[in-house]
Each structure stands twice: as C-alpha cells, then as structure tokens.
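# Structural characterization, general
These are the residues of each chain, in order.
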Amino acid sequence: MGLTLFSYIKSFQYDIALSIILLIAVMVIVVDQITAKLRKELGK
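The structure reproduced in this document is the subject of the present report. Computed from a predicted structure; not experimentally measured.

## Brief notes about the overall build of the chain
- Scanning the chain for helices and strands turns up two helices and zero strands.
- Its C-alpha atoms give the chain principal-axis dimensions of roughly 50 × 15 × 5 Å.
- The burial tally for the chain puts 7% of its 44 residues in the buried class.

Written out as structure tokens, the structure reads:
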C-alpha cells in the first residue's frame with residue numbers, strides 16, 4: 001500500500017493519495033477497536 005500511495009503522490013494525484021491515507025487510518029482504528037474488545041473479553 002505504501003508503494004501505491006507514494007506513486008500517486010509522485011504523480012500529483014493527491015485526491016487518490018488522500019483516499020488511501022484515510023483508508024489506512026480507518027483500518028487502523030477498526031483493528032484497534034476489535035483488539036480492545038478482544039482484550040476486554042479475554043481479561044474477564
């Protein structure tokens with residue numbers, strides 16, 4: 001994903017690059033929420 005992002009930035013396609021950055025941020029948030037719930041469940 002990073003290489004794809006870099007190629008879009010290099011070719012001045014900032015709208016697509018921003019979309020990729022936002023997608024990465026959403027994925028990180030979702031995975032963090034899932035792991036937090038799993039840790040809470042396993043800790044009980």
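## Overview of the packing of aromatic side chains
- This structure, assessed with the given rule, holds one aromatic pair.
- Look at Phe12 and Tyr14: their rings are 6.1 Å apart centre to centre, the planes differ by 80°, and that puts the pair in the edge-to-face class.
- Here Phe12 falls in the exposed class, since its relative accessible area comes to 62%.

## Looking at a nonpolar patch on the surface
- A cluster of nonpolar side chains, Met1, Leu23, Ile24, Met27 and Val28, forms an exposed patch at the surface whose accessible area comes to about 440 Å².
- The class for Met1 is exposed, based on a relative accessible area of 52%.

## So, the packing of helix H1 (residues 2-10) against helix H2 (residues 14-43)
- Put simply, H1 and H2 touch, their axes get as near as 8 Å, and they point 155° apart. With respect to H2, the axis of H1 lies roughly antiparallel. Relative to H2, the crossing made by H1 is left-handed. Where H1 approaches H2, its residues Thr4, Leu5, Tyr8 and Ile9 are matched on the opposing element by Tyr14, Ile16, Ala17, Ile20 and Ile21.
- A breakdown of the residues in the contact of H1 with H2 according to their chemical character gives eight nonpolar, one polar and no charged.

How each quantity is defined
- Residues numbered from 1 in each chain as written.
- Predicted model: local features only at pLDDT ≥ 70, side-chain atom pairs only at ≥ 80, totals over all residues.
- Heavy atoms only, no water.
- Helix = DSSP H or I, 4+ residues; strand = E, 2+ residues; numbered from the N terminus.
- Buried < 20%, exposed > 50% of the residue type's maximum accessible area, 1.4 Å probe, protein only.
- Phe/Tyr/Trp six-rings, centres within 6.5 Å; stacked < 30°, edge-to-face > 60°.
- Patch = residues over 30% accessible without salt bridge, like charges linked within 9 Å, V, L, I, M, F, W, Y side chains within 5 Å.
- Areas by Shrake-Rupley, 256 points an atom, 1.4 Å probe, with all protein chains shown as cover.
- Salt bridge = Lys/Arg side-chain N within 4 Å of Asp/Glu carboxyl O.
- Axes fitted to C-alpha atoms, helices over the stretch in contact; angles between N-to-C directions.
- Parallel < 35°, antiparallel > 145°, perpendicular 65-115°, else oblique.
- Left-handed = near helix turned anticlockwise from the far one by under 90°.
- Contact = heavy atoms within 4.5 Å.
- Nonpolar A, V, L, I, M, F, W, Y, C, P; charged D, E, K, R; others polar.

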